Structures are given as C-alpha cells and as structure tokens.
Amino acid sequence: MIDYSLTFYFAGSIENILANEFSPTLVFAVENDIVLPYLALTVVFYYVMGYTILHFLENEDIYPIGVFIILLMSVTHVLGGLSWFVLKEAYSNMIFMLSMTSIIIAISVFGYEVLKRE
C-alpha cells in the first residue's frame, strides 16, 4: 500500500502514471478504472503468499533467507513508490537491481536446497 500511495501522491496525475509507470498491472488497473479492487487484491495476494511461504519454510534452515527476501521485496516496493519523487534513472535502475537481487537469491537458495537433498 505504501508503494502505491507514494506512486499516486508523487506522480501528480493519472496521465503521468499511464505514461511512465513501470508496472503493467497498475497501468491496466488505471486504464480500466479498477484501482481500488486491484490494490485490495494486490495487498491480499502479497500477504497470503508471504505468510504461506514463511509457513512452509518454518522448520527449514533457509527460513531467515525467506524472511530476508520478503523484507527486500517490501523495501523495493517502498523505494519504487519514492522513485516518483526522485525521478532519476540511476535510482530506478537501483530499484530494478534490488528486485533482480531478490530473484537471484531465491533461485540460488532453491538450487542449493535441491542439490542438498540429492
């Protein structure tokens, strides 16, 4: 919610969001005037997925890494909302790299777990 609140606050207009937003799902929601249901579903989805993932990892050695990845994605979303205030390409690239870092960590840990269990 913080990400989207900052996006709508700092973007200034719907036209600016449509022209410059990176998220195709948010652009779709804005174009079709379904922003509130989209935001509600997004928040529920993130909560349920985060809870489910951590529940499955509860008794695993990689539980702290799961927490770290979820926290990293949360920070990435907040920083993404602030990108509308900063408006620098280097800042946007940094946020993209944070997203890619969380994906690389997740894939690496998954690979480690697969190899460890063989």
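A quick note: this is a predicted structure, and the numbers were derived from the prediction, not measured.

Let's talk about the packing of helix 1 (residues 2–11) against helix 5 (residues 63–86)
For any two helices packed against each other, the geometry comes down to the angle between their axes and how far apart the axes lie. In the contact formed by helix 1 and helix 5, the axes pass within 7 Å of each other and the chain directions differ by 0 degrees. Relative to helix 5, the element helix 1 lies roughly parallel. The residues of helix 5 that touch helix 1, namely those facing Ile2, Asp3, Leu6, Thr7, Phe10 and Ala11, are His77, Val78, Gly80, Gly81, Leu82, Trp84 and Phe85. Here the residues of the contact of helix 1 with helix 5 sort into 8 nonpolar, 4 polar and 1 charged.

Here's the deal with the side chain of Ser102
Among the structural elements, Ser102 can be located in helix 6 (residues 89–117). Within polar-contact distance, the side chain of Ser102 engages the backbone oxygen of Ser99 at 2.7 Å. Those residues in contact with Ser102 that sit more than four places away from it in its chain are Ile69, Leu72 and Met73.

A short note on helix 1
Buried within helix 1 we find Asp3, Tyr4, Leu6, Thr7 and Ala11. Considered in projection along helix 1, the buried side chains sweep an arc of 160 degrees and stay on one side of the axis. With respect to the buried face of helix 1, the exposed residues turned more than 90 degrees away are Ile2 and Tyr9. Check the buried side of helix 1 and you find it contacts helix 2 (14–20), helix 3 (24–31), helix 4 (35–56) and helix 5.

Describing the nonpolar core
Of all hydrophobic cores here, the largest spans 10 residues; its members are Tyr4, Ala11, Ile17, Leu26, Ala29, Val30, Val35, Tyr38, Leu39 and Trp84. At the level of elements, helix 1, helix 3 and helix 4 are the ones that each hand at least two residues to this core. When neighbours within four sequence positions are excluded, Ile17 is seen to be in contact with Thr7, Phe8, Ala11, Val27, Val30 and Trp84.

Some details on the confidence of the model for the protein chain
On average, residues of the protein chain score 93 in pLDDT, and 100% of them are at 70 or above. Per-element mean pLDDT across the protein chain ranges from 92 in helix 1 up to 95 in helix 3.

Section: helix 6
With 29 residues, helix 6 extends 42 Å between its outermost C-alpha atoms, agreeing within 8% with the 42 Å of an ideal straight helix rising 1.5 Å per residue. Listing the buried residues of helix 6 in full gives Tyr91, Ile95, Ser99, Ser102, Val109 and Glu113. For helix 6, the elements touching its buried residues are helix 5.

Thoughts on the environment of Met1
Among the structural elements, Met1 can be located in the segment before helix 1. Taking the C-alpha atoms as reference points, Met1 and Leu39, 38 residues apart in sequence, are found 7.3 Å from one another.

Quick word on the pattern of salt bridges
In the structure shown here, the tally under the stated rule is 4 salt bridges. Glu113 serves as the salt-bridge partner of Lys116, at 3.5 Å between the closest nitrogen and oxygen. Taken together, the residues span about one helical turn, with Lys116 and Glu113 both in helix 6 at a distance of 3 residues. Judged by its relative accessible area of 39%, Lys116 is partly exposed. In the salt-bridge network here, residues are joined through shared partners; they are Glu60, Asp61, Glu113, Lys116 and Arg117.

Conventions we followed
Residues numbered from 1 in each chain as written. Predicted model: local features only at pLDDT ≥ 70, side-chain atom pairs only at ≥ 80, totals over all residues. Heavy atoms only, no water. Axes fitted to C-alpha atoms, helices over the stretch in contact; angles between N-to-C directions. Helix = DSSP H or I, 4+ residues; strand = E, 2+ residues; numbered from the N terminus. Parallel < 35°, antiparallel > 145°, perpendicular 65-115°, else oblique. Contact = heavy atoms within 4.5 Å. Nonpolar A, V, L, I, M, F, W, Y, C, P; charged D, E, K, R; others polar. Polar contact = N/O pair within 3.5 Å; in protein donor to acceptor, adjacent residues only side chain to side chain. Buried < 20%, exposed > 50% of the residue type's maximum accessible area, 1.4 Å probe, protein only. Arc of directions from axis to C-beta. Core = buried A, V, L, I, M, F, W, Y, C linked by side-chain atoms within 4.5 Å. pLDDT = per-residue confidence, 0-100. Expected span 1.5 Å × (residues − 1). Salt bridge = Lys/Arg side-chain N within 4 Å of Asp/Glu carboxyl O.

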